[in-house]
Amino acid sequence: MQNLFDLRDKVVVITGGTGVLGSKMSEYLAEQGAKVAILARNVANGESLVKRITEKGGTAMFLQSDVVDRKQLEQNARDIMEKFGRIDILINGAGGNMPGATIGPDKTIFDLNIDDFRKVVDLNLMGTVIPTMVFAKEMVKQKQGNIINISSESALRPLTRVVGYGAAKAAVTNFTKYLAIELATKFGEGLRVNAMAPGFFLTEQNRTLLTNPDGSHTDRAKTILAHTPFNRFGEAEELLGTLHWLASDASKFVTGTLTVIDGGFDAFAI
Ligand SMILES: NC(=O)c1ccc[n+]([C@@H]2O[C@H](COP(=O)([O-])OP(=O)(O)OC[C@H]3O[C@@H](n4cnc5c(N)ncnc54)[C@H](O)[C@@H]3O)[C@@H](O)[C@H]2O)c1
């Protein structure tokens, strides 16, 4: 029987692979039989994730990496090629907001710290562009490869306060579409590029915006939930179906797209 969703032995590289969403994705893909190269900055987190995966019979390796450090990424690519021999899928998962690049409720755009704005653009945009340049080189040689970027609801509708993050994620969406055309027209239809746009999931990078120190919801979290038809935050597991579809041949004719996973937030006007 044909299985369009077969991911066995696919080599997946995931940046930010130890984050809240990234670690769920890494574990899930390994459960599906993929060989997962987990890239992240924190060695202890990376090694314990690899241990969890291998104990369950999966295949994974950890490589210390910074998504804005091209030299380190090039070394990562050599290490992955040596161990797994190819690169089928790249998930650009590293990213997030930074407190300094937000405008507090009592501040205006004129208070923006431009260095922090630049840092958040560097992480989210350059941190997608540079790994893509490094790992897509192998994909082009293979004439086969699949890139999945992580954009955000804030790319579609500018959210108050997170000015740098929104600008960077909007650029990631634009880059996704640009790159889909670039790779398909110059290197063939074996190369696909798509993005996922998660709505609101409670993770480390947005915890202080959404929860008070006692764990209760901030006013901002309450506003988000009031604007979400499902009236809750997403669970990391709820990204996995879209991820699996985009990573597999089930989406073979799909490139340059953005899939929103948000409990209806984007569609909801009043
Ligand atoms: N949580 C949400 O609601 C939400 C919504 C939309 C998009 N996203 C995106 O999903 C992705 C995963 O985020 P998350 O919510 O799991 O947050 P997270 O903070 O748990 O994970 C982000 C990961 O990126 C890593 N990272 C940060 N800077 C890095 C660098 N320079 N090099 C390498 N790794 C670096 C962090 O260490 C962390 O492991 C991010 O791109 C984020 O912007 C999250």
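From a predicted model like this one, the values you see are computed outputs, not experimental measurements. (Residues numbered from 1 in each chain as written. Predicted model: local features only at pLDDT ≥ 70, side-chain atom pairs only at ≥ 80, totals over all residues.)

## A few points about the pairing of strand β3 (residues 59–64)
And step 1. Alignment of strand β2 (residues 35–40) against β3, held across six bridges, turns out to be parallel. Looking across to β3, one finds that Val36 is bridged to Ala60.
And step 2. Between the parallel pair β2 and β3, the chain is carried across by helix α2 (residues 43–55), and the sense of this crossover is right-handed. (Pairing = 2+ DSSP bridges. Helix = DSSP H or I, 4+ residues; strand = E, 2+ residues; numbered from the N terminus. Right-handed = clockwise from strand over helix to strand, strands pointing away.)

## Considerations on the domain arrangement of the protein
And step 1. Parsing the protein into structural domains produces domain 1 (11–199 + 236–258) and domain 2 (206–233).
And step 2. With centres defined by C-alpha atoms, the gap from domain 1 to domain 2 works out at 25 Å. (Domains from an automatic or database assignment.)

## Focus on the nonpolar core
And step 1. With 63 residues, the main nonpolar core has Val12, Val13, Val36, Ala37 and Ile38 as its most contacted residues.
And step 2. For this core, the element with the highest residue contribution is helix α4 (residues 114–142), accounting for eight residues.
And step 3. Excluding residues within four positions of it along the chain, Ile38 makes contact with Ile14, Gly17, Thr18, Ser26, Gly46, Leu49, Val50, Ala60 and Phe62. (Core = buried A, V, L, I, M, F, W, Y, C linked by C-beta atoms within 7 Å. Buried ≥ 20, exposed ≤ 12 C-beta atoms within 10 Å, placed from the backbone. Contact = placed C-beta atoms within 7 Å.)

## Details of helix α3 (residues 70–84)
And step 1. Between the first and last C-alpha of α3 there are 21 Å, a value that for 15 residues agrees with the 21 Å anticipated at 1.5 Å per step.
And step 2. Where α3 is concerned, the buried positions are Leu73, Asn76 and Ile80. The arc that holds every buried residue of α3, seen down its axis, measures 50 degrees, which confines them to one face. For α3, the exposed residues set more than 90 degrees away from the buried face come down to Lys71, Arg78 and Glu82.
And step 3. Buried residues along α3 sit against β1 (11–15), β2, β3 and α4.
And step 4. Among the residues trailing α3, Gly85 stands out with phi positive, at a value near 85 degrees. (Expected span 1.5 Å × (residues − 1). Arc of directions from axis to C-beta.)

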